[in-house]
Amino acid sequence: MIRCPNCKNEEFEGAMFCSQCGATLLGVEQAEPKESYQSYLIQVTFTDTDKVVTLQGKEKYVLGRIVPTADEVLVDLDMEDHQGYEKGVSRQHAMIKFTEEGFKVVDLNSSNRTFLDEEELYPGNEYVLAENCMLRLGKLRMNIRIQKV
Ligand SMILES: [Zn+2]
């Protein structure tokens, strides 16, 4: 797509005039592609054990615990192997999601709460993740690093 420099209307590549305002589009550069979750990976380091898990390729990640029971629970980062139960991680504890403002974290009404750089999150509210920050789910601490791929 190319964007009209006059009215910001988007036109297909090869258009010579803006269909909205009639401005000439000759020589206008193609619009920058929108930032996408596919451009990033999230490296999660469990600080107690130095175990590293990489999240990549999804727009949303649910952080929690997969418990072998009948009910299907959607979890992208399973804390069962990281002392999740002992440290008070809920089955669906928090979610990381990509937005136009970058990655954000949301507490999913967990029992033992989520903390971002030791600030307690209000359940259901979205908080922007810095490129390098600390998350705590209950008592389970992890370092979050967001990297371009
Ligand atoms: Zn225009």
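What you are looking at is a predicted structure, and each value in this text was computed from that prediction instead of being measured. (Residues numbered from 1 in each chain as written. Predicted model: local features only at pLDDT ≥ 70, side-chain atom pairs only at ≥ 80, totals over all residues. Heavy atoms only, no water.)

(A) A look at the layout of surface pockets. Size it by volume and the largest pocket reaches roughly 170 Å³. Taken together, 14 residues make up the lining of the largest pocket; nearest its centre are Tyr40, Gly102, Phe103, Glu131 and Ile146. Counting residues per element, the ones that place at least two in the lining of the largest pocket are strand 7 (92-99), strand 8 (102-107) and strand 13 (140-148). With three residues, the single largest contributor to the lining of the largest pocket is strand 13. Among the residues forming the lining of the largest pocket, the class breakdown is six nonpolar, three polar and five charged. (1 Å grid on protein atoms, 1.4 Å probe; cavity = no way out; pocket = protein on both sides within 12 Å on 5 of 7 lines; lining within 4 Å. Points joined across faces, edges and corners; volume = space filled by probe spheres on them. Helix = DSSP H or I, 4+ residues; strand = E, 2+ residues; numbered from the N terminus. Nonpolar A, V, L, I, M, F, W, Y, C, P; charged D, E, K, R; others polar.)

(B) Summary view of the coordination of the zinc ion. In this structure, Cys4 (SG), Cys7 (SG), Cys18 (SG) and Cys21 (SG) serve as the protein donors to the zinc ion, at separations of 2.3 Å. Relative to the metal, the four donor atoms surrounding the zinc ion lie at angles of 103 to 116°, and the coordination shape comes out tetrahedral. Sequence spacing of the donor residues for the zinc ion, all on one chain, is C-x2-C-x10-C-x2-C. Here Cys18 lies in the loop between strand 2 (10-11) and strand 3 (40-46) and Cys7 lies in the loop between strand 1 (2-3) and strand 2, a separation of eleven residues in the sequence. For Cys7, a relative accessible area of 33% corresponds to the partly exposed category. By relative accessible area, which is 5% here, Cys18 ends up buried. (Donors = N, O, S within 2.8 Å, 3.2 Å for Na, K, Ca; no water. Tetrahedral: all angles 85-135°; square planar, octahedral: opposite > 155°, others 65-115°. Buried < 20%, exposed > 50% of the residue type's maximum accessible area, 1.4 Å probe, protein only.)

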